[in-house]
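Given next are the chains, with one letter for each unit.
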Amino acid sequence: MKRLKITNDHGWTPRTLRKQERKIKNTLLRQRVMAVRLVMEGYLGKEVASMVNVCRQTVSHYVSLFNEGGLELLLHRDFAPGREPFLTEEQQEEIKQLVLTTTPVELGWDVASAWNTKLLQSYVEKHFGVCISREALRKLLHRKGLSWTRPTYTLAKGDPDRQKNFEKQIDFIKKT
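Report on the accompanying structure. Fair warning: this is a prediction, and the values are worked out from it, not measured in the lab.

1. Remarks on the pattern of salt bridges
Link 1 in the chain: Enumeration according to the criterion identifies 6 salt bridges in this entry.
Link 2 in the chain: Note that Glu-89 is salt-bridged to Lys-144, the shortest N-O span being 2.4 Å. Residue Glu-89 is found in helix H5 (residues 89–101), and its partner Lys-144 is found in the loop between helix H7 (134–143) and helix H8 (160–175); the two are separated by 55 residues along the sequence.
Link 3 in the chain: What makes Glu-89 partly exposed here is its relative accessible area of 48%.
Link 4 in the chain: Using a relative accessible area of 15% as the deciding quantity, one classes Lys-144 as buried.
Link 5 in the chain: Salt-bridge contacts for Glu-135 lead to Arg-138; the nearest nitrogen and oxygen are separated by 2.6 Å.

2. Points about the packing of aromatic side chains
Link 1 in the chain: Per the stated rule, a full pass over the model turns up 2 aromatic pairs.
Link 2 in the chain: Their ring planes at 70° and their centres at 5.9 Å tell us that Trp-115 and Tyr-123 sit as a pair that is edge-to-face.
Link 3 in the chain: Overall, Trp-115 belongs to the buried group, its relative accessible area being 11%.
Link 4 in the chain: We classify Tyr-123 as buried; its relative accessible area is 6%.
Link 5 in the chain: Judged by centre distance (6.5 Å) and plane angle (85°), the ring pair of Tyr-123 and Phe-128 falls under edge-to-face.

Definitions and limits used
Just so you know, the residues in each chain are numbered from 1, in the order the chain's sequence is written. Only residues with pLDDT of at least 70 get local features here, since the model is predicted, and only at 80 or more are side-chain atom pairs given and counted; chain-wide, interface and lining totals rely on the full set of residues. Where side-chain values are given, they derive from all heavy atoms of the structure, hydrogens and water being excluded. The salt bridge criterion pairs a side-chain nitrogen of Lys or Arg with a carboxyl oxygen of Asp or Glu, the two atoms within 4 Å. Runs of E in the DSSP output that reach at least two residues are strands. Runs of H or I that reach at least four are helices, and both are numbered from the N terminus. Residue exposure (1.4 Å probe, protein chains only): buried if accessible area is under 20% of the type maximum, exposed if over 50%, otherwise partly exposed. Between the rings of Phe, Tyr and Trp (Trp by its six-membered ring), a pair exists once the centres lie within 6.5 Å; its type follows the angle of the planes, with under 30 degrees stacked, over 60 edge-to-face, and the other angles tilted.

Here's what the structure looks like:
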């Protein structure tokens, strides 16, 4: 098997690579730099692989990346774009504003005084034509900065003066 070599060091030395390693927070990226540094220091590919806990081909890949483009290419990682969201950003914002400003009763959806995921699910399906799970709606609302709270009841006929007197009486009872 051929020995791994750093053909182009791009101005990096083992000492400067070690300093760079310490600055990197991501463990996987730090592992890449460490593998290249160890090869640069003269270790064999299989020795580096066992030290860094990866296979020898991975170490070889790291070295070839470093030889091609230096540390920048070694640390560059492309991620898959991910799945397209079911709802556009505007639709998500519309749902957030709907939850914040209206109730299902005002829109004639239900007798409920607050939105829940079941009601939102049917609203989204009717208005946007998208079938989305209740859990996905819950996560969407969480990403938008909303969290579920149990609705509290306020007495419409409560007398503020009597409530203040009652609080004073309770405080007096607690003190004695």
